[in-house]
Amino acid sequence: MADSIERALEPALIHRFHIGQILIRKTNDGGFVISHRDDQGREDFKLFHSAEDAIELSRFDDKGNYRPLKTAPNLRHGWRLELGTLDELTRALDYFYPGRLAVFAAWKTDQLRTTSLRDTLHRQSGMYRIAAKIADEQADRVVGDFCRSDDGCLRTILWKRDKQGTIASTKLPKEKFDPAFDQTKAGGRSGSATTATQATIPLLCQEPCNLLVTECRQAVKGKDEL
């Protein structure tokens, strides 16, 4: 898997690239500098040197609130992480965005399999089994609210709502399903300016996450309690 991730990253390692809210720059000595992409030109940052520092850097937002969803668009600012090797870089990125590099590598080699929302909900057990009762109209609204890129999640949705291939949500713009679109530019802002020297690696979503399952459960419980 490590080799496949390196091959998938290779086209982006010319000089600099983006992934989510992160900017990665390659240094002249073969190392890498990681920072928040909004912090370009900022001088009042705190410097870090270990891939494992990414664990803490991704834990809380700017206000000190815990981030249960690592792909939410609320990564904290004011830091700079300097790393010496590609292995350290991939480890750090996996802490910032768990599992996303592996998913990207599988997608690049046409080996990625997706799971629909209905299949995900039907395999739930215990207190989450009730989530499978969610109506299509409810699911359309819940996915549209929870997964929106501007204040929900920066992943690009590849899964469908059901086996019939129904779109995950009609409430989301078509760009939400396009891996070529930079999701940090959602919400009325200009689109991605991707070039040969400044690529954007998408955060791909191959199946509904546990947090979305929880939202579906809450939607069903709310209806039942009326």
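Residues numbered from 1 in each chain as written. Predicted model: local features only at pLDDT ≥ 70, side-chain atom pairs only at ≥ 80, totals over all residues. Heavy atoms only, no water.

1. Focus: the overall build of the chain
Stage number 1. The secondary structure content of the chain amounts to seven helices and eight strands.
Stage number 2. Overall size of the chain, expressed as C-alpha extent along the three principal axes, is 60 × 40 × 35 Å.
Stage number 3. Across the 226 residues of the chain, 46% fall into the buried class.
Stage number 4. In the chain, once contacts between residues fewer than 6 apart in sequence are set aside, the share between residues at least 24 apart is 69%.
Stage number 5. With the model as given, the accessible surface of the chain reaches about 11,900 Å², and the carbon-plus-sulfur share is 47%. (Helix = DSSP H or I, 4+ residues; strand = E, 2+ residues; numbered from the N terminus. Buried < 20%, exposed > 50% of the residue type's maximum accessible area, 1.4 Å probe, protein only. Contact = heavy atoms within 4.5 Å. Areas by Shrake-Rupley, 256 points an atom, 1.4 Å probe, with all protein chains shown as cover.)

2. A word on the nonpolar core
Stage number 1. Counting 32 residues, the largest nonpolar core has Ile-19, Ile-34 and Phe-96 as the members making the most contacts within it.
Stage number 2. Each residue touching Ile-34, except ones within four places of it in the same chain, is listed here: Ile-22, Leu-23, Ile-24, Trp-79, Arg-80, Leu-81, Leu-83, Leu-89, Ala-92, Leu-93 and Phe-96.
Stage number 3. Counting 24 residues, the second-largest nonpolar core is a separate cluster that includes Leu-121, Ala-132, Leu-212 and Ala-219. (Core = buried A, V, L, I, M, F, W, Y, C linked by side-chain atoms within 4.5 Å.)

3. Considerations on helix 3 (residues 86–96)
Stage number 1. For helix 3, the set of buried residues is Leu-89, Thr-90, Ala-92, Leu-93 and Phe-96. Projected onto a plane normal to the axis of helix 3, the buried residues spread over an arc of 160° and lie on a single side. (Arc of directions from axis to C-beta.)

4. Thoughts on unusual backbone geometry
Stage number 1. Phi is positive for Asp-110, close to 60°, though the residue is something other than glycine.
Stage number 2. Take Asp-110: its relative accessible area is 73%, and that puts it in the exposed class.

5. Focus: the pattern of salt bridges
Once their charged atoms are close, side chains differing in charge can pair, the charge on each being opposite to the other.
Stage number 1. For the structure on display, the rule yields 13 salt bridges.
Stage number 2. In this structure, Glu-82 engages Arg-80 in a salt bridge whose closest nitrogen and oxygen atoms are separated by 3.3 Å.
Stage number 3. Under the relative-accessibility criterion, Glu-82 is labelled partly exposed at 27%.
Stage number 4. Judged by its relative accessible area of 23%, Arg-80 falls in the partly exposed class. (Salt bridge = Lys/Arg side-chain N within 4 Å of Asp/Glu carboxyl O.)

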